[in-house]
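Single-letter residue listing:
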Amino acid sequence: MYIGIICEFDPLHSGHARLLSHARAMGADAVICAMSGNFTQRGSFAALDKRARAEMAVRCGADLVLELPTPWAMASAERFAAGGVALLASTGAVSHLAFGSECGDLTALQAAEAALSQPELMPRIRQLLAQGMAYAPARQQAAEELGAPPQMLSRPNDILAIEYLKALRRQKAPMEPLAVLRQGAGHDGTPSGDTASASYLRTLLRSGRTDEALSYLPAPAAQVLRRELALGQAP
């Protein structure tokens, strides 16, 4: 079984390391990552060079890291997911796609994806927009009316997981989805236990609180980050 993971690892933190370990614990013979290069979804430089982040991934359990080309890496969640799925499928080897999710419930995520794929969705969204509702809540309400479980479109990792499922279906990709419950800090939240989000870590690095940032990275990743900072190679 070859398990694929679509990622940024910007930088790789303890939550990412748990996902890699979880993939191995599920019986993976190899873990293959499709990772953003030097530019990421938020439209900025990654915290570290792509080769350094790939080294972090390999030292924390990945067997192969492939670069997700920039047009997909910097795109919307839908195109980011589609590019990652296509890249992993093109290997001809990846049999499963693992991803983190706030709910960790594959059945619920699949129900939400099915609702978003209904032809009635967009007409209903337009009705709600005409009534003065903003797009995001209109989309969520329309999806829930069509069978999506409550709040599935309000959490960032659930949203991305749904896009992965959509990409798998549209591309008829021969990969089985594996939803993994996200634990610890939220996507853009404050630290929880030994876990801090990547956005929080980037904030620490920008403000010079390097030691604090390093404390939230697994030891192999922290060694790479410390070396890159010493060499002046962290933008």
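Residues numbered from 1 in each chain as written. Predicted model: local features only at pLDDT ≥ 70, side-chain atom pairs only at ≥ 80, totals over all residues. Heavy atoms only, no water.

(A) Local environment of the overall build of the protein chain. Helix and strand counts for the protein chain stand at 11 helices and five strands. For 235 residues, the compact-globule formula gives about 18 Å, and the C-alpha radius of gyration of the protein chain, at 18 Å, lands near that figure. The principal-axis extents of the C-alpha atoms in the protein chain amount to approximately 55 × 40 × 30 Å. In the protein chain, buried positions account for 45% of the 235 residues. When contacts within the protein chain are restricted to residue pairs at least 6 apart in sequence, long-range pairs at least 24 apart make up 69% of them. In the form shown here, the protein chain has an accessible surface area of approximately 10700 Å², with 54% of it arising from carbon and sulfur atoms. (Helix = DSSP H or I, 4+ residues; strand = E, 2+ residues; numbered from the N terminus. Rg over C-alpha atoms; globule rule 2.2 N^0.38 Å. Buried < 20%, exposed > 50% of the residue type's maximum accessible area, 1.4 Å probe, protein only. Contact = heavy atoms within 4.5 Å. Areas by Shrake-Rupley, 256 points an atom, 1.4 Å probe, with all protein chains shown as cover.)

(B) Region of interest: helix 9 (residues 198-206). Three or more residues of helix 9 are buried, namely Ala198, Ser199, Leu201, Arg202 and Leu204. Buried residues belonging to helix 9 abut helix 10 (210-214). Immediately downstream of helix 9, the backbone of Gly208 shows phi near 80°, a positive value.

(C) Structural context of the sheet that holds strand 4 (residues 96-101). Pairing is parallel in the open sheet, where five strands are placed in the order 3-2-1-4-5. Here the strands that pair on one side only, and so sit at the sheet edges, are strand 3 (64-68) and strand 5 (176-181). Going across the sheet, the axis of each strand differs from the next one's by a mean of 30°, ignoring polarity. The pairing of strand 4 with strand 5 spans six bridges and is classified as parallel. By the bridge assignment, Leu97 is partnered in strand 5 with Pro177. Docked against the sheet, helix 4 (residues 77-90) engages strand 1 (2-7), strand 2 (30-36), strand 3 and strand 4, running at close to 150° with respect to strand 1. (Pairing = 2+ DSSP bridges. Axes fitted to C-alpha atoms, helices over the stretch in contact; angles between N-to-C directions.)

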